[in-house]
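# Observations on chain architecture
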Amino acid sequence: MHVGNLRTALYAWLWAKKNNGSFILRIEDTDQARFVEGAEDMVYKTLRTAGLTWDEGPDIGGEYGPYVQSERKDMYLPYARQLVEMGKAYYCFCTKEELDERRAEAEAKGESFKYDKHCLSLSKEEVERRLAAGEPYVIRQNVPTSGKADFDDAIFGHIEVDCAELDDMILIKADGMPTYNFANVIDDHTMGITHVMRGMEYLSSTPKYNLLYDAFGWEKPVYVHLTTIMRDATHKLSKRDGDATFEDLVTAGYLPEAIVNYLSLVGWNPGDEREFFTLDELKEAFSLEGLSKSPAIFDHQKLRWMNAEYIRRLAPERYIELAGPYLDEAGVGSMDKAILARILQPRTEILSDVRDMVRFLARMDEGYELELFTNKKSKTNPEICLGILEDVVPRLAALPEWTETALHDFLMNYAAEKGMKNGTLLWPVRIAMSGQAVTPGGAIEIAALLGRDEALRRLELGLEKLRNM
RNA sequence: GGCCCCUUGGUCAAGCGGUCUAAGACACCGCCCUUUCACGGCGGUAACAGGAGUUCGAGUCUCCUAGGGGUCACCA
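Reading the values: the criteria
- Residues numbered from 1 in each chain as written.
- Chains lettered and ligands numbered in written order.
- Predicted model: local features only at pLDDT ≥ 70, side-chain atom pairs only at ≥ 80, totals over all residues.
- Heavy atoms only, no water.
- Disulfide = S-S within 2.5 Å.
- Bend = angle between axes of the 7 residues up to and from the residue.
- Helix = DSSP H or I, 4+ residues; strand = E, 2+ residues; numbered from the N terminus.
- Buried < 20%, exposed > 50% of the residue type's maximum accessible area, 1.4 Å probe, protein only.
- Contact = heavy atoms within 4.5 Å.
- Near = heavy atom within 4 Å.
- Polar contact = N/O pair within 3.5 Å; in protein donor to acceptor, adjacent residues only side chain to side chain.
- Nonpolar A, V, L, I, M, F, W, Y, C, P; charged D, E, K, R; others polar.
- 1 Å grid on protein atoms, 1.4 Å probe; cavity = no way out; pocket = protein on both sides within 12 Å on 5 of 7 lines; lining within 4 Å.
- Points joined across faces, edges and corners; volume = space filled by probe spheres on them.
- Salt bridge = Lys/Arg side-chain N within 4 Å of Asp/Glu carboxyl O.
- Core = buried A, V, L, I, M, F, W, Y, C linked by side-chain atoms within 4.5 Å.
- Pairing = 2+ DSSP bridges.
- Axes fitted to C-alpha atoms, helices over the stretch in contact; angles between N-to-C directions.
- Domains from an automatic or database assignment.
- Buried area = accessible area lost by both parts, 1.4 Å probe.
- pLDDT = per-residue confidence, 0-100.

### Thoughts on the state of the cysteines
Evaluation of the coordinates by the stated rule reveals 0 disulfides. We note that Cys 92 lacks a disulfide partner, and the nearest cysteine sulfur, in Cys 119, lies 3.7 Å from it. Unpaired in this structure, Cys 94 has its nearest cysteine sulfur neighbour in Cys 119, at a distance of 3.6 Å.

In structure tokens form, the structure reads like this:
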């Protein structure tokens, strides 16, 4: 699921829950040509993972079912006929091909195409005859040629357009399915929908829906059009262009809670300075007033930061549980979990980072450069490191116990006795054990993690390299 | 192109006529802490798209311009 869709669902869920309402899941699948296998399941999965539970829906039922539009197919035509009777809609026999051709012609001439109401003038008899003959048809809305169509949006206020700008949209397609434009009106009314939150792209077509509500004399829902989530200033986020879906983010190691929290803040703010929210807290804080009118760019960096914050706040046990698969992948699954959690947790921004961070523990690059032993701040260079390791490695080998505490006590005492900076002693030890300049954790943690044999093997190897320089 | 919507730092954004020499967060930079890197702490750079008007007073209201987005389907 696209993160923009998830955010829309989130806001709708929050608003419903905040007002003790029901959050209803309805599958809009009136375009049979665009059916995608598995898409519906992904909707369920994403919503569940995000914690947005629904009160009524295809899988759990409810008193306003069915909740899948294709299963409601037969409900729409009677309403459309009613509209025809009222003169608010009419049968149209123009084929898609003809219209496409005329549209292309108009476009070629630089004109905008609008259906000319050709079939509106067909006599009732002719319509009956062609219908009886089984000729394919659609039903179009008969939009007045003058006057205004309008509606009120909770965020944007009063929106008004000239009816003359509006096209006679198709209500019932040739295959008997309703268009989204029609189905949503019928369903929202018959299913008792009070609030509609949806993307900006519907803002300009909403006045048309209201003409329908008025024709039926139905009460209109509250409309809340949400601004687009952008990738950059001029492009919206889109799956098509490779932008990450919710599922992609989770797979990459973002926590669902962090994604939801971040998403809630893209286009909405609580009015105070809080930015960390559980779903319950969000429910409490959410308001329509906090919704933004301008589009917002999705900031991966901020999401990353927020995810890191969530990870740091995890109980160590939970962290290990979540990072487990990546630790296993890197081949360090059997190492001391408590130490791993301690050194990794504050450094993990997204779970998948873990893999690369610990790889050296499983297998180090033994061909590392001697220059790694040089570090200005620690006052070391290969010569100094050689001297230190020559003396300290045998002593480490002689340690009766190879625990973090024992290692810590020995190394710290050693540095103190020799009057050297901790860094000067620890630098060569860490480099020899890791083969890399930057590691999560320091020499002591790494030594404990590797275990006596491997740690000493690496230290000896380092000594060897230094002796041969 | 017609119509609709939007416009505060690089990003998310607070601000709803005076308390704005404009908050907070991310990012960036610097310092401190430190066993490398992170974490943490402290500090810093950085914005009202432009122009008219209304008003004693405009980031806040109006109009115009510019820029951006959306929409003009038998897609949703």
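### Re helix α12 (residues 316-330)
Its axis deflected by about 55 degrees at Ala 323, α12 carries its strongest bend there, up to four residues before the proline Pro 325. Residues of α12 that are buried include every one of Tyr 319, Ile 320, Ala 323, Gly 324, Tyr 326, Leu 327 and Ala 330, and no others. As for α12, its buried residues are in contact with α8 (246-252), α11 (300-312), α13 (337-344) and α14 (353-362). Just downstream of α12 lies Gly 331, where phi reads positive at about 85 degrees.

### Description of the protein's contact with RNA strand B
Near RNA strand B lie 60 residues; those nearest to it are Thr 30, Lys 173, Asn 269, Arg 347 and Ile 444. By atom count, sugar and phosphate contribute 73% of the portion of RNA strand B lying within 4 Å of the protein. Separating a phosphate oxygen of RNA strand B from a side-chain N or O atom of Thr 30 is a distance of 2.5 Å. The contact in question runs from a base oxygen of RNA strand B to an N or O atom on the backbone of Gly 442, over 3.3 Å. Every element with two or more residues in the surface near RNA strand B is listed here: α4 (96-108), β4 (157-162), β10 (296-297), α11, α17 (422-434) and α18 (443-450). The residue inventory of the surface near RNA strand B, partitioned by class, reads 27 nonpolar, 13 polar and 20 charged.

### Observations concerning empty space enclosed by the protein
Tallying each qualifying case throughout the model produces 1 cavity of 30 Å³ or more. When its volume is computed, the largest cavity comes out at roughly 30 Å³. In terms of lining, the largest cavity is formed by Arg 7, Tyr 11, Leu 226, Thr 227, Gly 267, Leu 291 and Ser 292. Class assignment for the residues of the lining of the largest cavity results in 3 nonpolar, 3 polar and 1 charged.

### So, the pattern of salt bridges
Side-chain pairs of opposite charge can arise whenever the charged atoms involved come near each other. Inspection of every chain in the model, using the stated rule, returns 36 salt bridges. For Lys 45, the salt bridge identified is with Glu 247, shortest N-O distance 2.8 Å. Placement of the pair is Lys 45 in helix α2 (residues 39-50) and Glu 247 in helix α8, with a sequence separation of 202 residues. Under the relative-accessibility criterion, Lys 45 is labelled partly exposed at 41%. The exposure class assigned to Glu 247 is partly exposed, which follows from its relative accessible area of 21%. Ionic pairing is found between Asp 59 and Arg 48, a salt bridge with its closest N-O pair at 3.2 Å.

### So, the nonpolar core
Here is a general trend for soluble globular proteins: nonpolar side chains tend to be buried in one another's company. Counting residues in each nonpolar core, the largest one holds 140 residues, and the members touching the most others are Tyr 319, Leu 361, Leu 389, Val 392 and Leu 396. For this core, the element with the most residues is helix α1 (residues 3-18), which contributes 9 residues. If sequence neighbours within four positions are ignored, Leu 389 has contacts with Phe 373, Pro 394, Pro 428, Val 429, Ala 432, Leu 459, Leu 463 and Leu 466. If you look at the next biggest cluster of nonpolar residues, it comprises 5 residues, including Val 143, Ala 149, Cys 163 and Leu 211.

### What to know about the pairing of strand β2 (residues 138-141)
Alternating positions in β2 separate into two faces, Val 138 and Arg 140 on one and Ile 139 and Gln 141 on the other, with burial throughout. One ladder, built from 4 bridges, connects strand β1 (residues 89-92) with β2; its direction is antiparallel. Bridging from a neighbouring strand, Tyr 91 pairs with Ile 139 of β2. Here β2 runs beside strand β5 (residues 170-172); their pairing, made up of 2 bridges, is antiparallel. If you follow Arg 140 over to β5, its bridge partner there is Ile 170.

### Looking at helix α6 (residues 180-190)
All buried positions along α6 are accounted for by Phe 182, Ala 183, Asn 184, Val 185, Ile 186, Asp 187 and Asp 188. On its buried face, α6 sits against α3 (73-86), β5, β6 (195-199) and α7 (206-216). One or two residues past the end of α6 sits Gly 192, with phi positive at roughly 70 degrees.

### So, the sheet that holds β5
An order of β1-β2-β5 is seen for the 3 strands of this open sheet, with the pairing classed as antiparallel. Strand pairing shows two members of the sheet lacking a second neighbour, β1 and β5, which therefore form its edges. Strand-to-strand twist across the sheet, computed as the mean angle between neighbouring axes with direction ignored, equals 40 degrees. Here α3 sits on the sheet in contact with β1, β2 and β5, set at roughly 105 degrees to β1.

### Re the domain arrangement of chain A
Here chain A is partitioned into domain 1 (68-226), domain 2 (315-363) and domain 3 (365-469). Look at where the C-alpha atoms of domain 2 and domain 3 centre, and you get two points 22 Å apart. The partner domain 3 presents 13 residues to the 13 residues of domain 2 that form the contact. Here domain 2 packs against domain 3, burying approximately 1,100 Å² in sum over the two surfaces, 67% of which is carbon and sulfur. A per-residue breakdown of the area domain 2 buries against domain 3 is headed by Ile 339, Ile 343 and Phe 360, which together make up 50% of the total. Where domain 2 touches domain 3, the interface holds 1 salt bridge.

### A few points about the sheet that holds strand β8 (residues 229-232)
Taken in spatial order, the 3 strands make up an open sheet running β9-β8-β10, and their pairing is mixed. If you trace the sheet from one side to the other, it starts and ends with β9 (235-236) and β10, each paired once.

### Re the confidence of the model for chain A
Summing up the model confidence of chain A, the mean pLDDT is 95 and the portion of residues at 70 or higher is 100%. This prediction of the complex comes with two scores: 0.95 for pTM and 0.96 for ipTM.

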